[in-house]
Each structure stands twice: as structure tokens, then as C-alpha cells.
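Inside the fold
Here is how the chains run, residue by residue.
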Amino acid sequence: MSRQRVQQDPIVMVIDFHHARGPEIELCIGPEGSDPAAENDWSLLPFMALSDGAHLSTEEFSYFTLRRKGTDTEPPTSLFGIACSRQIDSKALIYKSPDVTRSTVQKAVVVVTDKPRSLGQLREKLSIVTSAWFAQRDFSDLDILKKFHEGLVISLEKEEAFKDQALGLSLREMIHEFKYQTLVLFKALLLQPKMLFFGSRCERLCMIQFSLVSLIPGLMNYLQDCADPAFDNYAQTVEKPTSLKTSDRSSLLAYMGLPLQIFGKGSMFGPYTPLQQLDLLADDGTKSYVVGSTNSLLLQQKDRYSDILINLDEDTININSPPLRNALALSVADRRWIDAITQIVNDTWDEAHPQQPKTHGYMGSEEFIRLQFEEYLLALLSSMKYHEELNSYLTGEPGRRSRAQLDAYNIEGDPALEFNQDFLELWRTTSNYALFQRLTSDALLFSIAEPRHPSAGGLTIDDVQRRISQQVADLHLDERVREGREALNRHISTGQKKVTAAFNSFWADIEAMREAQRKRNEEKLNQSPRPSLDRTASLPISASESSPTTAAGGSSSSWFPNRKGAVPAVDMTQAQASVSAVSQKAGAYFSSWGSWATEKRKEWQEKKPTTTPSPPISAAATSPSTPTVTSTVEANDNSDRGRRRSMQSNRSEDSSTLSRSGSRRKRWSSIFLKRDSLDLSSINRESDDHESTYPKSPLSREAPVVEDHTLKEAPNKQPESESKKEITSKAETESSSKQESHLDVANDENTAPQSSPAPAAAAAAIKPELTATAVNEPSS
């Protein structure tokens, strides 16, 4: 082993970000009478302590390496620094120096030591001290920092030489995030390529590199040559072990050629490397390195500065070199081994405490993972050593063991092939393998550690099932199905809303069309020619417009078949237009009443109401509210009968439309009553005034005398008309009292006697129509 180095006391420094000069060293607390920063040319230390993007976080940590120049007693070596940066509002400071001109003050407290294994403890202590110093709000008070330096000198002297410390980001987290790619990174570290780590969080970026390096047993204690590619002190001073003590772990590891010197001549390690060190990375003397950066400018030149790019923000690994990609392809045994460890870590994963398994047991713990990688590496070294012996025998090199000697070890085949043949060939060209060969040239490692892959064996059905299950888990199908279900529900809900809105809009358009149709019909009705009462009172009525009543013994389809007087003509065009408009508007609602109206009509037809016998044939039945007039000449009677027949026949054509429901007929009777009742009194007065000038209307004449059998057969033949009388009886009673005040009854000598109540009610119901028509028809 190499000789023990003289321990160096830790150094505490303060880095300040000046608004004009940039980051600079403000304070250095170290050995008395010395200035380490000036002596060792640490001009880049301020840029390492204040990483890119540190101002975006309340607290940020960065890890870096420094070169210490050699002295007369000590060779040049590497030092390790950890910085904790914070910022505070300048207005909150109790004492503000003249240099403070910005709104915030950003500073970093740095600890520099030669023992990287103690960085885990330093991180917690440095965080507490930095927070306390900023809480004073007076950076001129340095007592806290001085006491912190004194405490570090005492505590680091008591630490054990080979004690591994937790470095922040645990191995459990690395395996949980990278899974099988963790083994890819581990084997890539042995091949010594140019590995570039990129991430926006500086602390996570640095810690994953330290965790990866710590997987090689003992390497954290021998990193004295990692800060500069020119350093090669370990390879020059290491001694080949001559004895083995199997009970001593450090002795066993040293006899197996561990630790493998990854960072030796031409290699460097920089957990955080600022852009000011890019010249060192591009130097011809730098063959390999493991560095990290938070600046995205390196991503644009990844082909120049990296063979492997590990993007921590995206959790991806990009291998640029095809030979390197083939060498890092995992074999079946490799994948089976790392999948088993990943499964154990996932089974014991605890989101609240990722650093320790939820079972608080050995399986899945940090120690378990480190020992598993140690077993894997020892099996690799032993198999590689047997592979070298077997190749020497096959090539016939002199001084090698014979076949009988090799068979004595009872090793089947070449176990090194389980680790990927391409990887073995590329590993044999590295400097760390050359040093391993020199330190174990005569050692029979395969006689100490079994030369067999920890998960050796061909591909089995279990491997296929485990691989498929892991690939399915990597697809996150459960999350995607849940997201897809939620998206589908959102689309369905949106579609329902759209369909509902479209249906409502469609129905609103239909209602608007109906309303527009109704308005057009009303406008047509209002615009239709309607002669005034004064003009039509003097207009003659043609013989074609008058129709006689039904013959004796015949059947009439009019509402009031017992009415023997002249039935005036009704404006059926206007009535039909009104009925059509109302039907269009109420069609959607009357459909539900159709069955009810049918049943009611049947009930009304089945009823046999008792009617009062008809009056004698010598008298004409008139309504109490209708004025009684005397009869005129027989020629006029014949003309009146013809006119009534014509009017009743015309009304019978429309009776099927007007008799759809009893309620509709009642409503139309009320409409005609209200329309004509207002002008009825004035019409009667005009008739009295002009009685001497104009001949009397046919309505004022006495009804003709008919035979007895006609009056007797009419009620029996017209049950429907009698039921109609019952429907309108209520309207007749209410309108009778109102009409009596407006009508002047003409009493004559030959006034007919009053009819029975039933015919009188029927006559009262038709009275508004008759009166309105009579005014429009002058006597012939």
C-alpha cells in the first residue's frame, strides 16, 4: 500500500459575490501565518463555491476538488471543498458595508479538507453554521466561523481512516431512479471514459458522482490524484501486497488489487466544474474524467466534452461512442443481478424516508447495496484473473500453468464471459487494469474468491417474466390508464354539454320559428279585409249566400239543431286561420290531452240529458236574451229557410274541425261573445233608429211554423248537439245577464211564446254569432 499522508487541518473560507468584481475570497481561516489560496493558486475557487444558478435557491451546496502544490516533505495532492451559499436582503442587515450596493447579499461558507469521506458530516455542520451566521445580520462578526474551524480540527482527528460516510444522495435513491442503468454507470466507471453529468441542482449533481465512486471499495480513501490529470502519486508509491489476512477486510481488498485507481495519470474528478476549467478538460493530457456542470452550454458541445452524458434532469444516459455502447451492454447475468437488487429496493421503498428501508432491516439498506457491489467486483476480478490464465495456456505462453493445474481448481468453462466479452476486452486497455495486473501478477485470486458471476446462468423463463414486468412497470400503464380515464371522462362531460347546448339551441330555433309563424298568422288576420258594421248593415246579401234549414225529419250537423230561425253566415276563413295558428302553437301540448278528450267525448255521448218538450208549433222559440220579432210574408219565410239550409250545410263542413274537443268549442264561443258584446247595444240602437228607413233583417222576422214531428224528432236525432248545449250552458248563463242590459226587446202583438230552458240556452250560446252576422246582412 502507499505510505500514509500527513493529515492537513481543515480550512474555513468565506466567498463573497461582489457587484463589480464578481465572486472573490473575502476571508480565509487556516493555519496561522499562511494563505492557502495564494500559495496554491486557487483563483477558480470562488467560481466553484458559487455555482451557476445558486442565486435561485435559498440554500445551495457545491462540491469540488482543489490542487495543493507539493512541498519539501509532501508531494502534490488533491483537496476537497464543500460550499454552502445563501443570500439575504440587504435592507435586513444591521451593519451594511460600503461595498453593498445591490438589493441582496450573496455569500458562501467553504470548508476545505483532504478527507473526502468526511463530506457527509461536514455538510450537516456547515448548513447549521451558515444559517446561524446569516441570522446575525452582521457579517463583520466572525466568532461563529472561528469556533467552527476549531471544532473541525478536533473532530476530524478522531475519525477512523476507513469509515464510509453517507454523502447526502443515498445509493437507494440512485438505484430507485436509474434501476439497471446503475450497473451501466458502474461498469462505465471502470472503463475510464469522459463522463459528463448535467443537472440544474448542484448538490444532487455532486452527490450522485460521489455515490457512484463510493461503490468501488476503498476508493474514497485514495483520491489524492483526482484534482489534476498530471498527478500520479498513488501509482508511483503503491506497494504490492505480499501477505493475506482473510479475517481482515482491508487486507483482503488490498490483496485483490483494490481499490482500482480510476483517477490516476491523465484522469481527473470534479464533482462541480465551472466553465473556467473547460480548457483543462479539452487538454491533450486529459484522457478521462468524471465531472459535473449546471451550465447548459455544455449540452450544446456534448460530443466534444463527453463520451457519456448523464442528464439528471431527464434521467437519461447517452453513450456517444459505438464501441463503448457495445461494451456497456448488460449480459443476461448482469441484468438478472441488478434487477434482483432493484426489486429489493422497490419492495422496501419508503417515500417519507428514502435513505432507509421501510422494514428497517438489512435487506435493501445502504450496507446491503455496497456489499452486493463489492461481491460483484470481487467476482469480476477473480473471473478476469482466471480468464488471463486460461488464455495464456491456450496461446502456449511459457511459464504458465498447465491444463492439469487449471483443472484442479474445478472451474467449468470461462466464467468471465458472463460479464460481456466486449467489456472485458475494452477494460484490459485501461490504466486502472494495468495497475491491477501489476499488483496481482502472482496472486491466484480465483483460489480466494470464486470466479463465478453472482447471477450466472442462461436465460430462463423467470428472467423473461421479470424483464416483462419491469418493462410494463416502466411504461407506467396504471398512471396512463388513470390519466386516460380522466381525459375520457372530461371529453364525455364536454360532449354532453355540447350536445345539450346544441339540442337547446335547436329547440330554441324551433320555438322561434313557431313564434314567427304565429306572428305572421296574426298579421295576416289583422291585414285581412273586414267590413265595418256601418257599411255592411246596408249591403244586400245574395241568394247564393243564404241556405235553407234542414228539411223536416232531416238531420243537421250544426251545434244548435233546434234553432229554427235563419242562421247567419260566419267568416270561416278568419276562423280557420285562427284555429290553424292556435293549433300550431298548442300542438305540442294538446297531444297529451287527446286521449283525455276522447274519453270525455264518449262520456258526453253516453249521457241522456232530460230536455223540456218543444213549444207548440205555432210559436217560435227564442232565447230570453234574443229580441223577438214578428213574422213577415211567406216569400220571405221561404227565402229564410233556404238561407238557413245553406248556412247549416256550410257550418257542417267545418263541424269536424271545431268539435275536436269540448273545451276548444267553449273557448271559441267565449271569444266570439267577447268580441261582439261590446258593439251589440250600439247595433240594436242603430237598428231601431233606422227601422223606418231600412227593411227589417231576417233575424227580426218570426220563425216559420213547422210540423210537430220535426220538433219531436230533432232532440232524438241530435244527441251531440244537446251535449254541446250542456258544455256551453255555463257561458250562456253568465252572458245572459250582460246581454239583457244592451239589447232592446221588440214586443209585438204576434210575439211567440217563450221556449223551454234547453232551447233557450242553446239560442243564447249562438246569439253572439247570429247578432254579428245579422248586422252584416240587410233584409232582402
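The name given to the protein in an unreviewed UniProt entry is Transport protein Avl9-domain-containing protein, and the organism recorded there is Aspergillus granulosus. UniProt, in its Sequence similarities (unreviewed entry) section for the protein, records the words "Belongs to the AVL9 family."

This part is about the overall build of the protein. Within the protein one finds 29 helices and eleven strands. The contacts in the protein between residues at least 6 apart in sequence include a share of 78% that link residues at least 24 apart. Roughly 39,800 Å² of accessible area belongs to the protein as shown, and the carbon and sulfur atoms make up 51% of that amount.

What follows covers unusual backbone geometry. In this structure, Pro 259 follows Leu 258 across a cis peptide bond, with omega equal to 0°. Tracing the backbone shows Pro 259 in the loop between helix 9 (249–255) and strand 7 (267–270).

This part takes up the packing of helix 15 (residues 366–395) against helix 18 (residues 431–439). Contact geometry of helix 15 with helix 18 gives a least axis separation of 12 Å together with a crossing angle of 75°. Considering the angle they form, helix 15 stands roughly perpendicular to helix 18. Residue-level inspection shows Leu 381, Met 384, Lys 385 and Glu 388 of helix 15 in contact with helix 18, the latter providing Tyr 433, Phe 436 and Gln 437. Per-class residue counts for the contact of helix 15 with helix 18 are four nonpolar, one polar and two charged.

Taking burial as the measure, the six residues of strand 8 (residues 288–293) include six buried ones, the bulk of the element. Judged by which residues are buried, strand 8 turns out to be covered on both faces: Ser 288, Val 290 and Gly 292 on one side and Tyr 289, Val 291 and Ser 293 on the other are all buried. As defined by bridge partners, strand 7 adjoins strand 8 across four bridges and the pair is classed as parallel. Following the sheet pairing, Phe 269 is matched in strand 8 by Val 290.

What follows concerns the nonpolar core. For soluble globular proteins, nonpolar side chains are generally found buried alongside one another. By size, the foremost hydrophobic cluster in this structure holds 94 residues, and its most contacted members are Leu 190, Met 195 and Trp 427. It is helix 15 that provides the largest number of residues to this core, a total of ten residues. Apart from residues no more than four positions distant in its own chain, Met 195 is found in contact with Leu 185, Ala 188, Leu 189, Leu 212, Tyr 289, Val 290, Val 291, Ile 308 and Ile 310.

Below, the discussion takes up helix 6 (residues 181–191). Within helix 6, eleven of the eleven residues are buried, which leaves the element mostly enclosed by the surrounding structure. Three or more residues of helix 6 are buried, namely Gln 181, Thr 182, Leu 183, Val 184, Leu 185, Phe 186, Lys 187, Ala 188, Leu 189, Leu 190 and Leu 191. Positive phi appears at Gln 192, one or two residues downstream of helix 6, with a value of about 55°.

Glancing now at the packing of helix 5 (residues 171–178) against helix 15. Two elements in contact, helix 5 and helix 15, have axes whose closest approach is 9 Å; the angle formed by their N-to-C orientations is 70°. In terms of axis orientation, helix 5 runs roughly perpendicular to helix 15. Contacts from Leu 171, Arg 172 and Ile 175 of helix 5 reach helix 15 at Glu 366, Ile 369, Arg 370 and Phe 373. Each residue belonging to the contact of helix 5 with helix 15 can be placed in one class, and the counts come to four nonpolar, no polar and three charged.

The description of an aromatic ring pair uses the distance of the two centres, along with the angle that the planes make with each other. All chains considered together, the criterion is met by 18 aromatic pairs. Both rings, one in Tyr 63 and one in Phe 210, keep their centres 5.9 Å apart while their planes meet at 65°; by these two values the pair is edge-to-face. Residue Tyr 63 is located in strand 3 (residues 59–68), and its partner Phe 210 is located in helix 7 (residues 202–213); the two are separated by 147 residues in the primary sequence. The residues Tyr 63 and Phe 210 share a single accessibility class, namely buried. Considering the side-chain rings of Trp 133 and Phe 134, the 6.0 Å spacing of their centres and the 85° angle between planes classify their relative orientation as edge-to-face. A connected cluster of aromatic rings, assembled from ring pairs, spans Phe 186, Trp 337, Phe 373, Tyr 376 and Phe 419. Residue placement shows Lys 107 over the ring face of Phe 139; its charged tip is 5.2 Å from the ring centre. The ring of Phe 61 has Arg 123 lying over it, and the distance from NZ or CZ to the ring centre is 4.2 Å.

Here the focus is the sheet that holds strand 7. One open sheet holds the five strands; their spatial order is 7-8-6-9-10, and the pairing between them is mixed. Each edge of the open sheet carries a strand with a single partner, namely strand 7 and strand 10 (316–319). Strand-to-strand twist across the sheet, computed as the mean angle between neighbouring axes with direction ignored, equals 15°. Sitting on the sheet, helix 6 is in contact with strand 6 (194–198), strand 8, strand 9 (308–311) and strand 10, with an inclination near 135° to strand 6.

Helix 5 sits mainly inside the fold: six of its eight residues count as buried. Those residues of helix 5 not exposed but buried are Leu 171, Arg 172, Glu 173, Met 174, Ile 175 and Phe 178.

Together, Ile 461, Val 464, Ile 468 and Val 472 give the surface a local cluster of nonpolar side chains, amounting to about 320 Å² of exposed area. Among the secondary structure elements, Ile 468 is positioned in helix 19 (residues 461–475). We classify Ile 468 as partly exposed; its relative accessible area is 47%.

All chains considered together, the criterion is met by zero disulfides. Free of any disulfide, Cys 202 has its nearest neighbouring cysteine sulfur in Cys 206, separated by 4.0 Å. A relative accessible area of 1% means that Cys 202 is categorised as buried.

So, about the pairing of strand 10. Residues of strand 10 alternate between two faces, with Ile 317 and Ile 319 buried on one and Thr 316 and Asn 318 left unburied on the opposite face. Strand direction decides the pairing type here: strand 9 and strand 10, joined by four bridges, are antiparallel. Bridging across to strand 10, Leu 309 finds its partner in Asn 318. Linking two consecutive strands that pair antiparallel, namely strand 9 and strand 10, is a turn of four residues; a positive phi of about 55° is found at Asp 315 within it.

Here we take up the pattern of salt bridges. Here the structure, examined in full by the defined rule, presents 18 salt bridges. Among the salt bridges present, the one from Arg 514 reaches Glu 511, with a minimum N-O distance of 3.7 Å. You can see Arg 514 and its partner Glu 511 sitting in helix 20 (residues 477–527), three residues apart, about one turn around the helix. Among the ionic pairs, Glu 515 bridges to Arg 518, the shortest N-O distance being 2.2 Å. Of this pair, Glu 515 and Arg 518 both sit in helix 20, separated by three residues, roughly a single helical turn. Classification of Glu 515 by relative accessible area gives partly exposed; the value is 32%. One salt-bridge network, held together by shared partners, links Asp 16, Glu 26 and Lys 107.

What counts, and where the lines are drawn
- Residues numbered from 1 in each chain as written.
- Predicted model: local features only at pLDDT ≥ 70, side-chain atom pairs only at ≥ 80, totals over all residues.
- Heavy atoms only, no water.
- UniProt positions renumbered as here; feature names shortened; annotations may be inferred.
- Helix = DSSP H or I, 4+ residues; strand = E, 2+ residues; numbered from the N terminus.
- Contact = heavy atoms within 4.5 Å.
- Areas by Shrake-Rupley, 256 points an atom, 1.4 Å probe, with all protein chains shown as cover.
- Axes fitted to C-alpha atoms, helices over the stretch in contact; angles between N-to-C directions.
- Parallel < 35°, antiparallel > 145°, perpendicular 65-115°, else oblique.
- Nonpolar A, V, L, I, M, F, W, Y, C, P; charged D, E, K, R; others polar.
- Buried < 20%, exposed > 50% of the residue type's maximum accessible area, 1.4 Å probe, protein only.
- Pairing = 2+ DSSP bridges.
- Core = buried A, V, L, I, M, F, W, Y, C linked by side-chain atoms within 4.5 Å.
- Phe/Tyr/Trp six-rings, centres within 6.5 Å; stacked < 30°, edge-to-face > 60°.
- Lys NZ or Arg CZ within 6 Å of the ring centre and 35° of its normal.
- Patch = residues over 30% accessible without salt bridge, like charges linked within 9 Å, V, L, I, M, F, W, Y side chains within 5 Å.
- Salt bridge = Lys/Arg side-chain N within 4 Å of Asp/Glu carboxyl O.
- Disulfide = S-S within 2.5 Å.

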